[in-house]
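Here is what each chain is made of, one letter per residue.
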Amino acid sequence: MSTLKGTGTPLSGHLAAATAALERAGVPSPRVDAELLAAHVLDVSRGRLATMKLMGSAFAPEEHARFTELIGRRATRIPLQHLTGLAHFRYLELAVGPGVFVPRPETESVVQLALDFARELVRPVLVDLGTGSGAIAGSLAHELPGSRVHAVELSDDALVYAARNLKPLGVHLVQGDLAHAFTELDGSCDVVVSNPPYIPANAVPREPEARDHDPAMALYGGGADGMVLPAAATASAARLLRPGGFFVMEHAEVQAEAITAVFAASGHWEQVTTHQDLNGRDRATSGIRR
């Protein structure tokens, strides 16, 4: 932890200048990002940073140089999580970086749907199809003591992060295609969750953080409508689940009707439900295996 003497320009001045620079660059949350980067450089919490600001503390020269560098990189719209190497998701702190999809807050509500179902079960078996950083699988394992959680990821780059994040939580992680994963578990799983790539081919994200830094392999779902991988995940879930098992999948808000049609066409599902995220957008669809 930094031991600051209160010399030089106080932290508050540097944070104000950094916030203004990030605001000019169009960063969506400039003040928060400036504070998080300062806390990262100083190896303190945001709460401790606030106290240090009130005390008139200042950066040491090497800390100021590092902070200035990171603010400059964030102004080019490099994701904050790539600069700190960490992403916060529910109760977890996940290692992330170039080559892996940075988990989004809206996915936390998808995890909650799975947890609400699985908490009624004894030693449930859960599968995460396309785990990326391991955010979903890790949260399930962390919040469901005694559960058995399996996760699959195809990307070589993402697998490195998933392994680092999931090993301490006891998740069984394999590399492979979500369409063919875990055939040994067919018909025996209680819950399947998936946040597959689903963006339609022509729906390039507007945010530079996603467009330029999230791997395309984790974004685009295949085909003009982005439905190839969501349809594959739905078929795998039907294969893996026992009768009465629960499947929930995240998708784009414009895909809710198409996802519901895929569920219906297979004949494998009942109680098919579309769920909204915190912004009121259609974000996930769930069903119970017949």
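Thresholds, definitions, all that
- Here the residue numbers are simple positions, counted from 1 along each chain's written sequence.
- For a predicted model such as this one, the threshold for reporting local features is a pLDDT of at least 70, and the threshold for listing and counting side-chain atom pairs is 80 or more; totals across whole chains, interfaces and linings nevertheless cover every residue.
- Excluding hydrogens and water, the side-chain values take into account all heavy atoms of the structure.
- Numbering of helices and strands runs from the N terminus; a helix is a DSSP stretch of H or I covering at least four residues, while a strand is a stretch of E covering at least two.
- Exposed residues in this analysis have more than 50% of their type's maximum accessible area, buried residues have under 20%, and partly exposed residues fall in between, with area computed by a 1.4 Å probe over protein chains only.
- Pairs of residues are marked as contacts when any of their non-hydrogen atoms sit within 4.5 Å.
- Reported accessibility uses the Shrake-Rupley method at a 1.4 Å probe radius. Residues are deemed covered only where the shown protein chains occlude them.
- For this count, His and the chain ends are skipped, Lys and Arg are scored as positive, and Asp and Glu as negative.
- Lys charges are placed at NZ, Arg charges at CZ, Asp charges at CG and Glu charges at CD.
- Simply put, an axis is a line fit to the C-alpha atoms, just over the touching stretch for a helix, and the angle between two N-to-C directions goes from 0 to 180 degrees.
- In these notes the angle categories are as follows: under 35 degrees is roughly parallel, over 145 is roughly antiparallel, 65 to 115 is roughly perpendicular, and the rest is oblique.
- In this count, Pro and Cys sit with the nonpolar residues alongside Ala, Val, Leu, Ile, Met, Phe, Trp and Tyr, while Asp, Glu, Lys and Arg are called charged and the others, Gly among them, polar.
- Just so you know, the domain bounds were taken from an automatic or database domain assignment.
- The criterion is simple. A nonpolar core is a set of buried Ala, Val, Leu, Ile, Met, Phe, Trp, Tyr and Cys residues joined through side-chain atoms within 4.5 Å.
- Any two of the Phe, Tyr and Trp rings considered here, Trp counted by its six-membered ring, make a pair once their centres fall within 6.5 Å; the pair's planes then place it as stacked at under 30 degrees, edge-to-face at over 60, or tilted in between.
- When DSSP finds two or more bridges between a pair of strands, those strands are recorded as paired.
- UniProt positions are given in the numbering used here, feature names are shortened, and annotations may be inferred rather than shown by experiment.
- Think of a polar contact as two N or O atoms within 3.5 Å of one another; within protein, one of them needs to be a possible hydrogen donor and the other a possible acceptor, and neighboring residues in sequence only count if both atoms come from side chains.

### Topic: the overall build of the protein
In step 1: Along the protein, the regular secondary structure elements total 12 helices and 9 strands.
In step 2: A burial count over the protein gives 49% of its 290 residues as buried.
In step 3: Sequence-distant contacts in the protein: of pairs separated by 6 or more residues, those separated by 24 or more amount to 62%.
In step 4: If you sum the accessible surface of the protein, you get close to 13200 Å²; carbon and sulfur atoms cover 54% of it.
In step 5: Separation between the mean location of the 25 positive side-chain charges and that of the 32 negative ones in the protein comes to 5 Å.

### A look at the packing of helix H2 (residues 30-42) against helix H3 (residues 46-54)
In step 1: Running from N to C, H2 and H3 point in directions that differ by 90°, and their axes come no closer than 9 Å. Here H2 is positioned roughly perpendicular relative to H3, judged by the angle of their axes. Each of Arg-31, Val-32, Glu-35, Leu-36, Ala-38, Ala-39 and Leu-42 in H2 lies in contact with H3, whose residues at this interface are Arg-46, Leu-49, Met-52 and Lys-53.
In step 2: Considering only residue class, the contact of H2 with H3 consists of 7 nonpolar, no polar and 4 charged.

### As for the domain arrangement of the protein
In step 1: Taken domain by domain, the protein consists of domain 1 (11-76) and domain 2 (98-289).
In step 2: The C-alpha centroid of domain 2 is placed 35 Å from the C-alpha centroid of domain 1.

### Brief notes about the nonpolar core
In step 1: Ranked by internal contacts, the top residues of the largest apolar core, which has 33 residues, are Leu-126, Leu-140, Val-149, Val-171, Val-191, Val-193 and Val-248.
In step 2: Setting aside residues no more than four positions away along its own chain, Val-149 makes contact with Leu-126, Ala-137, Leu-140, Ala-141, Val-171 and His-172.
In step 3: Membership of the second largest hydrophobic core comes to 22 residues, among which are Leu-240, Met-249, Phe-263 and Trp-269.

### Considerations on the packing of helix H1 (residues 11-24) against H3
In step 1: Packing of H1 against H3 leaves a shortest axis separation of 8 Å and a crossing angle of 115°. In contact with Leu-11, Ser-12 and Leu-15 of H1, H3 contributes Leu-49, Met-52 and Lys-53.
In step 2: Looking at side-chain class alone, the contact of H1 with H3 contains 4 nonpolar, 1 polar and 1 charged residues.

### Description of the packing of aromatic side chains
In step 1: In this structure the tally under the stated criterion is 5 aromatic pairs.
In step 2: Ring centres of Phe-247 and Trp-269 lie 5.6 Å apart, and the angle between their planes is 35°; this geometry places the pair in the tilted category. With a gap of 22 residues between them, Phe-247 in strand S7 (residues 241-250) and Trp-269 in strand S8 (residues 269-276) connect regions that are remote in the sequence.
In step 3: The class of Phe-247 is buried, set by a relative accessible area of 0%.
In step 4: Taken together, the ring pairs in this structure connect Phe-247, Phe-263 and Trp-269 into an aromatic cluster.

### Some thoughts on the sheet that holds strand S5 (residues 172-175)
In step 1: Sheet architecture is open: 7 strands sit in the order S5-S4-S3-S6-S7-S9-S8, paired in mixed fashion. Edge positions in the sheet fall to S5 and S8, since each has one partner strand and no second. The average undirected angle you get between the axes of adjacent strands in this sheet is 15°.
In step 2: Both S7 and strand S9 (residues 282-289) contribute to a ladder of 5 bridges, which runs antiparallel.

### Details of the UniProt feature "binding site: S-adenosyl-L-methionine" (unreviewed entry) in the protein
In step 1: Under the UniProt annotation, "binding site: S-adenosyl-L-methionine" (unreviewed entry) lies at Gly-130, Thr-131, Gly-132, Ser-133, Gly-134, Glu-153 and Asn-195. Across 66 residues in sequence, these annotated residues keep their C-alpha atoms within 11.4 Å of one another, forming a single compact spot.
In step 2: Take Gly-132: it is sitting in the loop between strand S3 (125-129) and helix H7 (135-143).
In step 3: For Gly-132, a relative accessible area of 13% translates into the label buried.
In step 4: When near neighbours in sequence (up to four residues on either side) are disregarded, Gly-132 contacts Val-100, Glu-153, Ala-158 and Ala-162.
In step 5: Looking at the secondary structure, you find Glu-153 in strand S4 (residues 148-153).
In step 6: Note on Glu-153: relative accessible area 10%, which makes it buried.
In step 7: Once you skip the residues sitting within four places of it in the chain, Glu-153 turns out to touch Gly-130, Thr-131, Gly-132, Ala-158, Leu-159, Val-174, Gln-175 and Gly-176.
In step 8: From its side chain, Glu-153 meets the backbone nitrogen of Thr-131 in a polar contact 3.4 Å long.

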